[in-house]
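# Understanding the architecture of this molecule
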Amino acid sequence: MSCLLASTCLIEIREELKPCLHGGRFFTSEDVGNLIRRLNTAISLAEEIEEEKASLERRERLFTGHSRPALVGPNVVAFPGSPTTPGGRA
């Protein structure tokens, strides 16, 4: 088992579970323990990816000055208009 990517870990687990689908194989308590450890590895890898992605997004916002557009609901005015002044541009 070489879990360098979360997807690889999960694919390996899925392939190992397939024979159990129709009763061809049953799990012992040792098998379940191993499955839990492998799932924990996949979870850790996924969490690392998520943290790195969030860090890169924060860094991008700091350096570019751009952020994701805000979601505006029906009762919110995103850019309120300025009052028009006589003789000014509308």
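This text goes with the structure placed above it.
An account of the accompanying structure is given in this report. (Residues numbered from 1 in each chain as written. Predicted model: local features only at pLDDT ≥ 70, side-chain atom pairs only at ≥ 80, totals over all residues. Heavy atoms only, no water.)

Next up on the list: a negative patch on the surface. A surface patch of negative charge is lined by Glu47, Glu48, Glu50 and Glu51. Mapped onto the secondary structure, Glu51 falls in helix α2 (residues 29-64). For Glu51, a relative accessible area of 56% translates into the label exposed. (Patch = residues over 30% accessible without salt bridge, like charges linked within 9 Å, V, L, I, M, F, W, Y side chains within 5 Å. Areas by Shrake-Rupley, 256 points an atom, 1.4 Å probe, with all protein chains shown as cover. Salt bridge = Lys/Arg side-chain N within 4 Å of Asp/Glu carboxyl O. Lys, Arg positive; Asp, Glu negative; His and termini not counted. Charge placed at Lys NZ, Arg CZ, Asp CG, Glu CD. Helix = DSSP H or I, 4+ residues; strand = E, 2+ residues; numbered from the N terminus. Buried < 20%, exposed > 50% of the residue type's maximum accessible area, 1.4 Å probe, protein only.)

The end-to-end C-alpha distance of α2 is 52 Å, a good match for the 52 Å that 36 residues give at a rise of 1.5 Å each. Looking at the buried side of α2, the elements it contacts are α1 (6-17). Two residues or fewer past α2, Gly65 is found with a positive phi of approximately 75°. (Expected span 1.5 Å × (residues − 1). Contact = heavy atoms within 4.5 Å.)

In this section: the pattern of salt bridges. Within this structure, the stated rule accounts for 5 salt bridges. The closest approach of N and O atoms between Glu16 and Arg38, which form a salt bridge, is 2.2 Å. Remark: Arg38 occurs in helix α2 and Glu16 occurs in helix α1; sequence separation between them is 22 residues. Taking the relative accessible area as the measure of exposure, Glu16 reaches 31% and is therefore partly exposed. For Lys53, the salt bridge identified is with Glu57, shortest N-O distance 2.9 Å. A residue pair is termed a helical-turn pair when its members lie 3 or 4 positions apart in one helix, as Lys53 and Glu57 do in helix α2 at 4 residues.

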